[in-house]
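The lines below spell out each chain.
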Amino acid sequence: RLTGTTPGVRFSGEARTGGDMPFSARADLDVDDVTRFIPGGPPAGLQAQVKGQASAEGALADLGRARAGVRLETLRVGYGDFKVDNREPIVVAVDRGRVEVQSFTLQGVNTEFGLEGARAADGTLDLNAGGSLDLRLLGGLVPAVTRARGQLTGDAKGAGTAAEPSPLGTGRIPDGGVRLRER
């Protein structure tokens with residue numbers, strides 16, 4: 001058995017050393033500054049906060065058949081004065097290699113963006129995304145973007161495989177744009 005804490009995270013786990021080495025683990029998250037976990041530090045001005053739980057169970061001898069889940073009651077991401085929050089709990093489940101986004105919607109000024117769908121154990125994608133996104137968020141999430149303004153609206157479907165994705169969709173950026181960092 002293993003238990004521990006760090007500011008904002010309390011975790012526990014248990015595993016057996018015999019047979020297939022069954023395990024279970026749980027973490028309670030209440031982290032005001034998630035960016036402290038980013039190796040090398042976050043882009044300047046990026047903030048993130050989470051509150052929720054994560055759990056996993058399975059056998060250490062066959063991790064590909066493990067089950068895990070994350071439920072975030074709170075996800076708040078901001079860049080400068082721009083902020084988005086989750087509308088309802090964010091729920092992601094992993095079951096024997098299949099990753100399913102069951103609930104994920106962010107909302108804020110000029111933003112309401114949702115994602116749902118799955119990546120099958122064989123890598124096949126079936127994802128749907130849509131809504132509107134304030135492009136200022138890109139400035140905090142994509143280091144190559146130095147200036148972003150406006151709003152992206154659209155719908156997209158992700159198909160193909162994780163190795164060779166096949167995105168299909170439509171998008172529109174009225175009165176907006178992005179500037180990329182020169183190399």
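Described in the following lines is the structure provided in the data block.

Basis of the calculations
Just so you know, the residues in each chain are numbered from 1, in the order the chain's sequence is written. In view of the model being predicted, local features appear only for residues whose pLDDT reaches at least 70, and side-chain atom pairs are presented and counted only at 80 or more, with totals across whole chains, interfaces and linings using the full set of residues. Derived side-chain values reflect all non-hydrogen atoms in the structure, with water molecules and hydrogen atoms excluded from consideration. We count a stretch as a helix when DSSP gives it H or I for four or more residues in a row; a strand needs E for two or more, and each element gets its number in order from the N terminus. To sort residues, take the accessible area from a 1.4 Å probe on protein chains only and compare it with the maximum for the residue type: under 20% means buried, over 50% means exposed, and anything in between is partly exposed. Residue contacts are counted whenever heavy atoms from the two residues lie within 4.5 Å of one another. In short, Shrake-Rupley with a 1.4 Å probe defines the accessible areas, and a residue's cover is counted only from the protein chains shown. Remark: nonpolar core denotes a set of buried residues (Ala, Val, Leu, Ile, Met, Phe, Trp, Tyr, Cys) joined through side-chain atoms within 4.5 Å. Here, a strand pair is defined by DSSP locating no fewer than two bridges between the strands.

1. Some words on the overall build of the protein
For the protein, the helix and strand inventory stands at one helix and 15 strands. By principal-axis analysis of the C-alpha atoms, the protein measures approximately 60 × 40 × 35 Å. The buried share of the protein, reckoned over its 183 residues, is 25%. Partitioning the contacts of the protein with sequence separation of at least 6, the portion at a separation of at least 24 is 41%. Of the roughly 11400 Å² of accessible surface on the protein, 54% is carried by carbon and sulfur atoms.

2. Overview of the environment of Pro 39
Relative to the helices and strands, Pro 39 resides in the loop between β3 (22-31) and β4 (46-59). Relative accessible area serves as the criterion here: at 77%, Pro 39 is assigned to the exposed category. It is 26 Å that separates the C-alpha atoms of Pro 39 and Leu 133, two residues lying 94 residues apart in sequence.

3. As for the nonpolar core
Formed by 17 residues in total, the largest nonpolar core has its most connected members in Leu 29, Val 50, Leu 75, Val 77, Val 84, Phe 104 and Leu 137. Contributions of two or more residues to this core are made by β3, β4, β5 (67-79) and β6 (82-86). Setting aside residues up to four positions removed in sequence, Val 50 forms contacts with Leu 29, Asp 30, Val 31, Val 34, Leu 72, Thr 74 and Leu 75.

4. Points about the pairing of strand β11 (residues 125-134)
As paired strands, strand β10 (residues 111-119) and β11 are joined by eight bridges and run antiparallel to one another. Bridge pairing in β11 places Arg 119 opposite Leu 125. Hairpin connection between β10 and β11: a loop of five residues separates the two successive antiparallel strands, and Gly 123 in this loop has a positive phi of roughly 95°. Relative to strand β13 (residues 151-160), β11 is paired through eight bridges, and the arrangement is antiparallel. Bridge pairing in β13 places Ser 132 opposite Thr 153.

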